[in-house]
Amino acid sequence: MSVALLLIGWANALNLTVARFLERGREFGLLKAFGASRRQIIIQGLLESGFMNLLATLIALGWLEHLLPLVYRWAGQSFGTDILMLPAFWGIVAGVVVIGTFVVGFYPSWLMVTIRPSEIMRGKLLHGKRGNRIRKVLIVVQFLASFVLITGTFTVIRQVCYMQSEASVDSHSRMLVIKYPSFTEGLALRLESFTKRLKQRADVSHVTVSGAVPGVEVANYFTNRPYGSDPSQVKLMQMFAVDYDYLSAYMPAMICGRYFSEDFGGDLNRIVLNEEAVRLLGYESPEAALGQQVKMEVVGEPLEIIGVVKNYHQQSLSVAYKPIIFFMKERVPFIATPYISVRLTGEGEDSALTEIEQMYHEYFPTSLFSYFFLSDLNTFLYKSDRNFGWIFASASLIAIFVACLGLWIVTLFSTLSRLKEVGIRKVLGANKSSLFFILTKELMLLTILASAIGIPVSAVLMNGWLETYAFHISLPWWIYAVVFALLMLIAFLTVFQQVWRIICLKPMSILKYE
C-alpha cells in the first residue's frame with residue numbers, strides 16, 4: 001500500500017516536472033544556445049528535484065509528529081513510538097529522497113538536453129509526440145495504482161464485514177464472562193456456592209465454568225487415538241475442559257448424539273467431538289463415531305464419544321477449524337478453567353452486573369472482579385482488521401486525490417497546447433460536444449487501459465491477501481465493474497471543468513494573435 005502511494009506520488013511529480021520543463025523550454029533553449037553543457041543542465045534538474053524532495057520530507061516529518069498521536073488513539077495501541085530513533089527508518093527516508101530525486105529530476109533534464117535548441121525555442125516539444133509519451137505512461141501508472149487500491153478497499157471492507165457477521169451471535173451480547181478468582185481457602189466450595197446462587201437468579205439462564213470461551217484459543221493440546229489402535233496413530237488435538245452446562249449454554253449445533261448431562265448418571269469418562277476431530281481420528285462419519293472409545297494420553301481409562309457438534313469458529317476466521325475434544329473438567333483436574341460464563345436474560349443488565357459483582361466479593365473478597373461481555377471480545381478480535389480496512393480506504397482516497405491532481409495538471413497543459421487547434425475547429429464549424437470528445441478521448445482511453453491492466457493485477461494481489469485467511473470471501477466480478485465505473489467517473493469529473501472552459505472560448509479570442 002505504501003509502495004503504491006509512493007509510486008503514485010513519484011509519477012505525479014514526474015508528470016508535473018515534465019510539463020513544467022516543457023513550459024520552461026525557452027529557458028533551457030537559451031542555456032544550450034549560450035553553451036551550457038548536458039552535465040550542467042542535468043545537475044540543475046537534479047538539484048531542483050532534490051530541493052523539492054527535501055522540502056517534502058521536512059513537511060512530512062512535521063505532519064508525522066502531529067498525526068501519529070491521532071493514529072495511536074484511533075487504533076487503540078501505540079506502535080512505532082520510537083521510530084524516529086531507529087537507524088533503519090532514517091535509512092529508508094534517505095533512500096526514498098535519493099530515489100525520488102533521481103526519478104523526478106533526471107528524465108526531464110535528459111529530455112531537454114537531447115532536443116535541439118531550435119526545436120525547444122519553436123515549442124515543437126510541447127506539441128510533439130515525444131513530449132506526450134511520458135505523460136501517457138505516468139497517467140496509466142497513477143490510475144493503475146488507484147484501481148488496485150480502490151479494489152483493495154472494497155475487498156478489505158467486505159472481508160471484515162464477512163468475518164464480523166459470521167462471528168456475530170445475538171446471544172453473545174448477553175454472555176457475561178468473569179475471570180476465575182485468585183486462590184483462596186476453600187476455593188472449590190466457594191466457587192460451587194457462587195455458581196449455585198447465580199443459577200437461582202431470575203435474570204440468569206445459564207452458568208458454566210470452562211477452560212476457554214469462543215474467541216479464545218484452547219491452549220491445551222493432548223495426543224489422542226481410537227482405543228485399541230496402534231500407538232503410532234496418535235493425533236494432537238485441542239482439549240476443551242468444560243462442565244455439564246457449557247455446551248447447553250453456548251449451544252454449538254449438534255450433528256448427532258447429545259451434550260453432557262447429569263441425567264445419565266455422570267459423564268466423567270465421556271467426550272464430545274467436533275467434526276474436525278472426527279475426521280482426524282479417522283471415523284467415516286459423525287454417526288460412525290458415536291459409541292466409539294478414544295485413548296487420551298493423560299487418562300488411563302478409555303473415553304466414550306457421546307456426541308458430535310458442527311465445526312464452529314473458536315478463534316478468529318483467519319484461523320482454520322481446529323480438532324476439539326470437549327471433556328469434563330474433573331476428568332483432568334490439573335487443566336485450568338479460568339472462565340465463568342453467565343448468560344443473562346437481557347433485562348436490567350446494568351443492575352444485574354452490579355449485584356453479581358457484590359455477590360462475587362462476598363465469596364472472593366481478595367479477588368478482583370474482572371469481566372467482559374463476549375460480544376466485546378468478538379469486536380476486539382477483528383479490531384486490527386477493521387483498522388487495516390480504514391487505513392486502506394484512507395490510502396485509496398489519498399491516491400485518488402493525487403492521481404486526479406496529476407490528471408488535472410496534464411489536462412491543463414494538454415488543452416492549452418491545443419488552443420490553436422480548438423480555434424480552427426470552431427471556425428470550421430465544430431460543435432462543443434465534438435470538441436469535448438476530441439479533447440477527452442485520449443485521457444478516457446488511458447483510464448480504460450489502466451483499468452484493463454489493473455483487473456488482473458488487483459485480482460492476483462487481492463486473492464493472495466484473502467488466502468491469508470482460512471475463511472474468506474470470493475471476489476465477485478461486479479467489484480471490478482464498479483471500480484472501473486468509479487474510476488471513469490472520477491477521471492471525467494476531473495477534466496470536465498478544464499476542457500469545458502477551453503471549448504467555450506470564442507474563436508476570435510483564441511486566434512487573434514495568430
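Figured I'd write up the structure that's included with this text.

**Re the overall build of the protein**
Logical step 1: Of regular secondary structure, the protein possesses 18 helices and 11 strands.
Logical step 2: The buried share of the protein, reckoned over its 514 residues, is 45%.
Logical step 3: Long-range pairs, those at least 24 residues apart, make up 80% of the contacts in the protein with a sequence separation of at least 6.
Logical step 4: Accessible surface, the protein: about 26,400 Å² in total, of which carbon and sulfur atoms supply 63%.

**What to know about the packing of aromatic side chains**
Logical step 1: All chains considered together, the criterion is met by 19 aromatic pairs.
Logical step 2: By way of ring pairs, the aromatic residues F194, Y360, Y363, F364, F369, Y371 and F373 are connected into one cluster.
Logical step 3: Across from the ring centre of F264, 3.7 Å away, lies the NZ or CZ of R258, which sits over that ring.

**Observations concerning the environment of F183**
Logical step 1: Mapping F183 onto the fold places it in the loop between strand 1 (175-179) and helix 8 (187-199).
Logical step 2: Residues F183 and F364, spaced 181 residues apart in sequence, show a C-alpha to C-alpha distance of 9.0 Å.

**Details of the sheet that holds strand 10 (residues 339-344)**
Logical step 1: One open sheet accounts for 4 strands, arranged 2-10-1-11; its pairing is antiparallel. The sheet terminates laterally at strand 2 (204-210) and strand 11 (371-373), the two strands that pair on one side only. Shown here is a sheet whose adjacent strand axes are inclined to one another by a mean of 20°, direction ignored.
Logical step 2: Bridge analysis of strand 2 against strand 10 gives 6 bridges, and the strand direction is antiparallel.

**Describing helix 16 (residues 432-466)**
Logical step 1: Look at helix 16: 47 Å from first C-alpha to last across 35 residues, which is about the 51 Å you get at 1.5 Å a residue.
Logical step 2: Within helix 16, the axis deviates most sharply at T440, by approximately 45°.

**Points about the pattern of salt bridges**
Logical step 1: The full count for this structure, using the stated rule, is 11 salt bridges.
Logical step 2: Note that D267 is salt-bridged to R258, the shortest N-O span being 3.0 Å.
Logical step 3: With relative accessibility at 18%, the residue R258 sits in the buried group.
Logical step 4: Across the pair E301 and R331 runs a salt bridge whose closest N-O atoms are separated by 3.6 Å. Residue E301 is located in the loop between strand 7 (293-296) and strand 8 (303-309), and its partner R331 is located in the loop between strand 9 (324-328) and strand 10; the two are separated by 30 residues in the primary sequence.
Logical step 5: Here the salt bridges do not stand alone but share partners, grouping R258, D267, R270 and E304 into one network.

**Structural notes on helix 17 (residues 477-503)**
Logical step 1: A rise of 1.5 Å per residue sets the reference length of helix 17, with its 27 residues, at 39 Å; its end C-alpha atoms lie 38 Å apart and thus fit the reference within 8%.
Logical step 2: Along helix 17, the sharpest change in direction is near 40° and occurs at F496.

**Re the nonpolar core**
Logical step 1: Membership of the largest hydrophobic core comes to 48 residues, with the highest contact counts inside it found for I139, F143 and L407.
Logical step 2: Going through the elements one at a time, helix 7 (129-167), helix 14 (383-417), helix 16 and helix 17 are the ones with two or more residues in this core.
Logical step 3: The residues touching L407, leaving out its near neighbours within four places in the chain, are I139, F143, L443, A491, T494 and V495.
Logical step 4: Formed by 24 residues, the second largest nonpolar core is a distinct cluster that contains A212, L247, V272 and M328.

**With respect to the pairing of strand 1**
Logical step 1: Counting buried positions along strand 1 yields 4 of 5 residues, so the element is predominantly enclosed.
Logical step 2: The sheet contact formed by strand 1 and strand 10 spans 5 bridges and is antiparallel. Within the sheet, the bridge partner assigned to I178 lies in strand 10 and is I340.
Logical step 3: Note: strand 1 against strand 11, 3 bridges, orientation antiparallel. Pairing of V177 across the sheet is with F372, part of strand 11.

Scoring rules and cut-offs
- Residues numbered from 1 in each chain as written.
- Predicted model: local features only at pLDDT ≥ 70, side-chain atom pairs only at ≥ 80, totals over all residues.
- Heavy atoms only, no water.
- Helix = DSSP H or I, 4+ residues; strand = E, 2+ residues; numbered from the N terminus.
- Buried < 20%, exposed > 50% of the residue type's maximum accessible area, 1.4 Å probe, protein only.
- Contact = heavy atoms within 4.5 Å.
- Areas by Shrake-Rupley, 256 points an atom, 1.4 Å probe, with all protein chains shown as cover.
- Phe/Tyr/Trp six-rings, centres within 6.5 Å; stacked < 30°, edge-to-face > 60°.
- Lys NZ or Arg CZ within 6 Å of the ring centre and 35° of its normal.
- Pairing = 2+ DSSP bridges.
- Axes fitted to C-alpha atoms, helices over the stretch in contact; angles between N-to-C directions.
- Expected span 1.5 Å × (residues − 1).
- Bend = angle between axes of the 7 residues up to and from the residue.
- Salt bridge = Lys/Arg side-chain N within 4 Å of Asp/Glu carboxyl O.
- Core = buried A, V, L, I, M, F, W, Y, C linked by side-chain atoms within 4.5 Å.

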